[in-house]
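Residue-level listing of the chains:
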Amino acid sequence: MLGLMQDWPLTCDKIITHAKINYPEREIISRQVSGAITRTNYGEVHDRARRLSSALIKRGVKLGDRIGTMAWNNARHFETWYGLIGIGAIYHTLNPRLFPEQLKYIVNHADDRMIFLDLTFVPLLEAHQDAMPGVKSFVIMCDRDEMPKTSLRGAECFEDLIDDGDEEVQWGGFDENTACGLCYTSGTTGNPKGVLYSHRSNTLMGMTAAMGSMMNVTGSDVCLMVVPMFHANAWALTFSGPMAGMKLVMPGPFMDGKSIYELLDGEKCSFSAAVPTVWLMLLNYLEDNKKKLPYLNSVLIGGSACPRSIMETFDKDFGVQVIHAWGMTETSPLGTISQVEPEIAHLPYEEQLSYRLKQGKPPLIVEMKITDEAGNELPRDGVASGILKVRGPGVSKAYFGGEGGDILDADGWFDTGDMASIDPLGYMQITDRSKDVIKSGGEWISSIDLENAAMGHKAAAECAVIGLPHPKWDERPLLIVVLKKGQKAKAKDFQKFLKGKIAKWWMPDDVVFVDELPHGPTGKVSKLDLREQFKDYKLPTA
Ligand code: ADP
């Protein structure tokens, strides 16, 4: 017997319509490419998105078309997404930090017919448009008086496009499983692969992310949305924000410590989300300039492991709660979040911190387990470390265009490529990416744990650990350090500092200092590039 409740497709146009009806005055504030700060609200964004939809239909855009967006976080980017979403066209976020070769590949692979871009990217796309023949026209997201002279094909100003549309347009009316957004993973091996979100998966993830046991945000929050929209839907904030009626503050291209501080303070932000690198830059700025964060309550940190030093500094110096999260493009992206649950609430600080530093627990819509290489499930004892697998309505079942073939096992589990343990309370901890784990004498050394321990050294600005070949042990760890400005340290200082903080046999065989580490397109340290850079490096113990 079926239930007798209404069939109400979970399409994402309903999200911005809900915000327009219920929170029309709640603001969306953007830092433009020019540096100027502009203000709009959900009511206006909704109306302009409708006009955009109508103008797009006039230009032949229809259900299922892929439209590229190469833009920072700003209100126009938001309007573009919802203008596309409403008519069932697919926003395809282009990460501007991709190498041009990858960029051309994904635009052509997705068969994008138009690209919306911020002023910043005019030269980049002018240089490569000939290699993207399927793109018929480009829309520049700027004011009319900012419109540059450009050779971009069919270039049009965003404001002219909006003016050409009207609000009388039909939104939604298609199946909730219709494709909604496309985001390519940065592809550490092989070509990038397209993750194709549906209206249903985006809606479910948006609802889930806002929950008290997840990000714990409401309409009373003011959110500084640092994590880019081209990084897995800005971690669902693009949907949770209007669902909850959160005031959104968008930093545009400015993500340095000073700019982030100015927005946090000036707009009285209570919540924010970004990768650890952004927080490191902010904390350095705050320390150098003796600033405080009186309005901020909590920050979500994910994308790579949150170093202990960041969590402790936020706790002790600023009274800001760090919420650690794990996820990936293929998981929409929230997989787990570490919140202080009743079972750990009473624990002494250090003990509680060890749970908060884990990547945490999944929401209802994500199932997870760890297995050995043969696929046998491993115990949730906090000790066994295995391959992390997930499944659920927000997890990919295939890549766009069938790339990579069958990506699920017979029971529908997706192999995340991460190694993890799960403790008896259910908190998951990433031990490493399977390709980064260091295999020493038949045992595994977690590069993440070593990096985090080394980051506790006061002179360390950024650390990375890779395994190098070793005749006796197979691989041994090399610690690579970027020192803070004006700081000095030697290899043996770091080794001495690590003593007692890590297992004896985990001690890096050597420590080298570099001016900077290579970063991938989502801001993470690129281990692939580091391994290449140090491929001829001989450990003193080898
Ligand atoms: P990529 O880094 O391959 O471009 P994603 O941006 O989707 O793709 O990154 C997903 C990966 O980032 C995860 O599989 C995991 O290795 C890493 N990651 C994300 N969050 C965390 C975290 N909190 N701790 C450790 N690793 C993380």
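The coordinates are above.
As a convention, each chain's residues are numbered from 1 in the sequence order in which they are written. Confidence filtering applies because this is a predicted model: local features only for residues at pLDDT of at least 70, side-chain atom pairs given and counted only at 80 or more, and all residues used for totals across whole chains, interfaces and linings. Values reported for side chains reflect all heavy atoms of the structure, with hydrogen atoms and water molecules removed beforehand.

Draft legend 1. Inspection of the site of the ligand at higher detail. Lining the immediate environment of the ligand, one finds 16 residues, of which S186, A325, T329, D418 and K524 sit closest. Between K524 and the ligand, the recorded distance is 2.6 Å, taken from a side-chain N or O atom to an oxygen atom. We get accessible surface area from the Shrake-Rupley algorithm with a probe of 1.4 Å; when it comes to residues, only the shown protein chains can shield them. When the ligand sits alone it has 570 Å² of accessible area, and the protein chains cover 93% of it. Here a helix means four or more residues in a row that DSSP labels H or I, a strand means two or more in a row labelled E, and each is numbered from the N terminus. For the shell around the ligand, the leading source of residues is strand 14 (residues 321-327), giving 4 residues. Polarity classes work like this: nonpolar for Ala, Val, Leu, Ile, Met, Phe, Trp, Tyr, Cys and Pro, charged for Asp, Glu, Lys and Arg, and polar for all others, with Gly in that last group. Of the residues that constitute the shell around the ligand, the class distribution is 4 nonpolar, 9 polar and 3 charged. The nearness test applies per residue and asks whether one of its heavy atoms lies within 4 Å of the molecule or strand. Nitrogen and oxygen atoms within 3.5 Å of one another constitute a polar contact, given that in protein one can donate a hydrogen and the other can accept it, and given that sequence-neighbouring residues count only through two side-chain atoms.

Draft legend 2. Molecular detail of the pattern of salt bridges. Salt bridge, as used here, is a side-chain nitrogen of Lys or Arg placed within 4 Å of a carboxyl oxygen of Asp or Glu. For the coordinates displayed, the defined rule picks out 32 salt bridges. Here D163 and R144 are joined by a salt bridge, their closest N and O atoms 2.5 Å apart. With D163 in helix 6 (residues 158-163) and R144 in the loop between strand 6 (137-140) and strand 7 (156-157), this pair connects stretches of sequence that are 19 residues apart. Here D163 falls in the partly exposed class, since its relative accessible area comes to 47%. Whether a residue is buried, partly exposed or exposed follows from its accessible area with a 1.4 Å probe, protein chains only, as a fraction of its type maximum: under 20%, in between, or over 50%, in that order. Overall, R144 belongs to the partly exposed group, its relative accessible area being 43%. R531 is the partner of D436 in a salt bridge, and the nearest nitrogen-oxygen pair spans 3.2 Å. Of this pair, D436 sits in the loop between strand 19 (428-433) and strand 20 (438-440) while R531 sits in helix 17 (residues 527-533), and the two are 95 residues apart along the sequence. Note on D436: relative accessible area 9%, which makes it buried. By relative accessible area, R531 is classed as partly exposed at 27%. Taken together, the salt bridges that share partners define one network made up of R48, R76, E79, D143 and E159.

Draft legend 3. Just the sheet that holds strand 6, in detail. Here we have 7 strands laid out as an open sheet, ordered 7-6-5-3-4-8-9, and mixed in their pairing. The open sheet has two free edges, formed respectively by strand 7 and strand 9 (194-198), since each of these has just one partner strand. Pairing of strand 8 (residues 179-184) with strand 9 involves 5 bridges; the strand directions are antiparallel. Among the inter-strand pairings, L182 is bridged to a residue of strand 9, identified as L196. Should any heavy atoms of two residues lie within 4.5 Å, those residues are considered in contact. Here an axis means a line fitted to C-alpha atoms, over the contact stretch when the element is a helix, while the angle between two N-to-C directions is reported on a 0 to 180 degree scale. The strands touched by helix 4 (residues 100-110) are strand 3 (66-70), strand 4 (90-93), strand 5 (114-117) and strand 8; relative to strand 8, the strand with the most contacts, the crossing angle is about 155°. The sheet contacts of helix 7 (residues 199-210) involve strand 4, strand 8 and strand 9, and relative to strand 9 the element is tilted by about 75°. Here, strands pair whenever DSSP counts at least two bridges between them.

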